[in-house]
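Residue-level structure breakdown
These are the residues of each chain, in order.
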Amino acid sequence: MQFCARLLRRQLLLAVRRPLEIGNPLLFFAMVVALFPLGLGPSPDTLAGFAPGVLWITALLSNLLTSDGVFRSDFEDGSLEQLLLAPQPLFLSVLAYIGAHWLTTGLLLAVVSPLFALMLNLPVQGIAALVASLLVGTAVLSLVGGIGAALTVGLKRGGMLISLLILPLYMPVLIFGSAAVQAAVGGLPVAPYLAILGAMLCLAIALAPLAMAAGLRISIDA
Amino acid sequence: MWPIFHKFGSPPWLYAISGAILRWLLPITLLALVTGMVWGLLFTPSENVQGNSYRIIYIHVPAAVVALAGYYVMAFAGAISLIWRMKMADVAMKAAAPVGAALTFVALFTGAVWGKPTWGTWWVWDARITSMLILLFLYLGVVALYEAFDNKEAAGKACAVLSLVGMVNIPIIYKSVDWWYSLHQGASIKFTGETSIHSSMLYPLLLMIAAFYALFTCCLLLNMRAELLQREQRTQWVRKLINEDVVN
C-alpha cells in the first residue's frame, strides 16, 4: 500500500513538472468543443440540444488520446520492467498509474467542464449532472484505456490501434454518461444513471487492473 | 482425460483429426444449409403482416445467434491459452475472429435489407443493432491487434486478454432487446416459456441455426488448419505432408 502511494506520488510529480502535458488535454477539449459550433451552426438552441453528447464525446476523445501514453515513457526507459520484477503486487501498482492518469486528466476535465457547458448553452440544471457523470465516467474510461495502453505499449504503431481496441468498450460509458446529462436537462432523476456508472466503476476497478497486469507482462515479453 | 488434453497440444494430431472431422462435417453442413434454405424460403407459409419478406430470418437469426456464440468460443479459447498455455487454443482463437466478424456482418447486412421494406429505413440506432455493431468492432479489434504484433506468440496472448475483456459486452448485447425499449423485436424462441413462432416456421429455423453452427465449426477448423500449416511450416511433419502431396 505504501509502495502504491509512493508510486502515485511519483507519477503526479512527473506530471506536475511538465505542466504543458496536463494542459494539453484541456486545450484539446476546448478546441474540439469550438469545432462543433463551426460545424453545426452557432444557433444556441441547436447547440443546447447537442451539448450533452458533444461534451461527453469530447471528454472521451481527450481521454483516449492521453491513455496511449500512460505506460509508454516508463516502458521506454525500462522502469516498467523493474516494476514487473518488484515483489509488490502489480494489481496495486497499475492502479496507482491509472489513479495518477485520472487525477491529471479526468478530474481536471470534470472541473472545467461547466465552463464549456455554458459556452455550448447547456441548460443550467444539467451542469451538476455533467460534472458528476464525468467524475465517475472518466475514471472508468481511464481504467479501460489503461488496458488498451498495456496491450499496445510494446508496439511501434500503437496510436491508431488503441482507439480500435478500446472505443467499443468506451461506448457503454458514453451511453449512460450522456443519458445522465440529458435526463437532468429534461428534469428527470439522474441517480439511476450515476448508479449504473458507479457499478461500472466498481467492476472496472476490480477487473481492469488484472487485464492491465497481464497486458504489461505480454508487452514486456514481446 | 489428460492424455486427450495433451494430444490437443500436438499440431500434427490436430491437423489429422480436424481433417477427419471435416470430411464428414462439410457435406453434412452443406446438406443442412441447402435443405434449410429450400424449406424456409419455398415451403413455409408466408407471414400475415410481412408477407414474404420475413423469410430473411432463415439467414438473419442463425447468423446473429452464431456470431454471439462465436465470441464465446473465441474468448473461451483465449482463456484456455492464457491459463494452460495451450498453443492450439491460441490457434482456435485466432481462427474464430474473422469468422465471427463475417457472421456479424451478415446479420447486420440482412437486417438492413429486411429493415428497408419493413421499417422503412436501412439503419436505426436501436439498442440491438448498435450493440451488434459494437460486436463487429470487438471482433475487428482482435484481428487488428493480432496483425500488429510481429511476435505471434505475444499476439495470441494479447488477443486472449482483449477478447476476455470484451466478454463484458456480450451479455449486454444478448439482453439488449429485453432491457431497452427498442424497434427490434424481442426474442421469439425461448428455452423457458411459450415460443411465439408457429412450428411450421420454427422447424426450418432451428435447422438453419444448427446448420450455421456447423458452418462456423467448418470455417473454424479450415482456418485453424491453414494457420497450423503456416506456423509449423519449418517442421518435419509439414514438409512430409507437402512432399506426399507433390508425389501424389
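Residues numbered from 1 in each chain as written. Chains lettered and ligands numbered in written order. Predicted model: local features only at pLDDT ≥ 70, side-chain atom pairs only at ≥ 80, totals over all residues.

1. Considering the overall build of chain A
- Check the secondary structure of chain A and you find 10 helices and 0 strands.
- For chain A, whose C-alpha radius of gyration is 18 Å, the value lies close to the compact-globule estimate of 17 Å for 222 residues.
- Across its three principal axes, chain A shows a C-alpha extent of roughly 55 × 35 × 30 Å.
- Counting across all 222 residues of chain A, residues that qualify as buried make up 46%.
- Within chain A, contacts between residues at least 6 apart in sequence are counted, and of these 81% link residues at least 24 apart. (Helix = DSSP H or I, 4+ residues; strand = E, 2+ residues; numbered from the N terminus. Rg over C-alpha atoms; globule rule 2.2 N^0.38 Å. Buried ≥ 20, exposed ≤ 12 C-beta atoms within 10 Å, placed from the backbone. Contact = placed C-beta atoms within 7 Å.)

2. Comments concerning the overall build of chain B
- A count of helical and extended segments in chain B gives 9 helices and 0 strands.
- Seen in sequence order, chain B has helices and strands lined up from the N terminus as α-α-α-α-α-α-α-α-α.
- For chain B, buried positions account for 34% of its 248 residues.
- Considering only residue pairs separated by 6 or more positions, chain B has 77% of its internal contacts joining residues 24 or more positions apart.

3. Here we look at the interface of chain B and chain A
- Counting from both sides, the interface comprises 18 residues of chain B and, opposite them, 18 residues of chain A.
- When contributions to the side of chain B that touches chain A are tallied by element, the ones reaching two or more residues are α5 (127-148) and α6 (152-166) of chain B.
- Counting residues per element, the side of chain B that touches chain A draws most heavily on α5 of chain B, which supplies 8 residues.
- A breakdown of the residues in the side of chain B that touches chain A according to their chemical character gives 14 nonpolar, 3 polar and 1 charged. (Nonpolar A, V, L, I, M, F, W, Y, C, P; charged D, E, K, R; others polar.)

4. Quick notes on the packing of helix α2 (residues 19-40) of chain A against helix α3 (residues 44-67) of chain A
All names here are of chain A.
- In contact at an axis separation of 9 Å, α2 and α3 are set at 145 degrees when each is read in the N-to-C sense. α2 and α3 meet at a crossing whose hand is right-handed. On the side of α2, the interface is formed by P25, F28, F29, V32, V33, F36, P37 and L40, while α3 contributes T46, L47, F50, V54, T58, A59, L61, S62, L65 and T66.
- Of the residues in the contact of α2 with α3, the class split is 14 nonpolar, 4 polar and no charged. (Axes fitted to C-alpha atoms, helices over the stretch in contact; angles between N-to-C directions. Left-handed = near helix turned anticlockwise from the far one by under 90°.)

5. Quick notes on the confidence of the model for chain A
- Here chain A averages 89 in pLDDT, while 100% of its residues score no lower than 70.
- For chain A, the element scoring lowest by mean pLDDT is helix α1 (residues 2-17) of chain A, at 86; helix α8 (residues 127-152) of chain A scores highest, at 93. (pLDDT = per-residue confidence, 0-100.)

6. A look at helix α6 (residues 90-104) of chain A
- With 15 residues, α6 of chain A should cover 21 Å at 1.5 Å per step; its first-to-last C-alpha distance of 21 Å lies within 8% of that length.
- Among the 15 residues that make up α6 of chain A, 11 are buried, leaving the element largely enclosed by the rest of the structure. (Expected span 1.5 Å × (residues − 1).)

7. Here we look at the environment of A149 of chain A
All names here are of chain A.
- By the secondary structure assignment, A149 is in helix α8.
- A tally of 30 C-beta atoms within 10 Å means that A149 is categorised as buried.
- With 68 residues separating them in the primary sequence, A149 and E81 have C-alpha atoms 15 Å apart.
- Not counting residues within four places of it along the chain, the set of residues in contact with A149 comprises S67, D68, V70, F71 and I162.

8. Topic: unusual backbone geometry
- Phi at N121 of chain A is positive, roughly 65 degrees, even though this residue is not glycine.
- Since 17 C-beta atoms lie within 10 Å of it, N121 of chain A is described here as partly exposed.
- In this model, R85 of chain B sits at a positive phi of 50 degrees, which is unusual for a non-glycine residue.
- Position of R85 of chain B relative to the elements: it lies in the loop between α3 (57-84) and α4 (87-119).
- R85 of chain B sits in the exposed class, given 12 other C-beta atoms within 10 Å.

9. A look at the confidence of the model for chain B
Residues and elements named next belong to chain B.
- In this model, chain B carries a mean pLDDT of 84, and residues with pLDDT of at least 70 account for 88%.
- Ranking the elements of chain B by mean pLDDT puts helix α1 (residues 2-7) last, at 68, and α3 first, at 90.
- Here the predicted complex scores 0.86 on pTM and 0.82 on ipTM.

10. Focus on the environment of L103 of chain A
- On the secondary structure map, L103 of chain A appears in helix α6.
- For L103 of chain A and A139 of chain A, which are 36 residues apart along the polypeptide, the C-alpha to C-alpha distance reads 8.9 Å.

11. Quick notes on the nonpolar core
- Ranked by size, the top nonpolar core spans 127 residues in total, and within it V144 and A180 of chain A together with A92 and A96 of chain B carry the most contacts.
- It is α3 of chain B that provides the largest number of residues to this core, a total of 15 residues. (Core = buried A, V, L, I, M, F, W, Y, C linked by C-beta atoms within 7 Å.)

12. A closer look at the packing of helix α7 (residues 106-119) of chain A against α8 of chain A
All names here are of chain A.
- Put simply, α7 and α8 touch, their axes get as near as 9 Å, and they point 150 degrees apart. In terms of axis orientation, α7 runs roughly antiparallel to α8. Here α7 and α8 pass one another in a crossing that is right-handed. Residues G106, L109, A110, S113, P114 and A117 of α7 form the contact with α8, whose participating residues are I127, L130, V131, L134, L135, T138, A139, L141 and S142.
- Taken together, the residues that form the contact of α7 with α8 break down as 11 nonpolar, 4 polar and no charged. (Parallel < 35°, antiparallel > 145°, perpendicular 65-115°, else oblique.)

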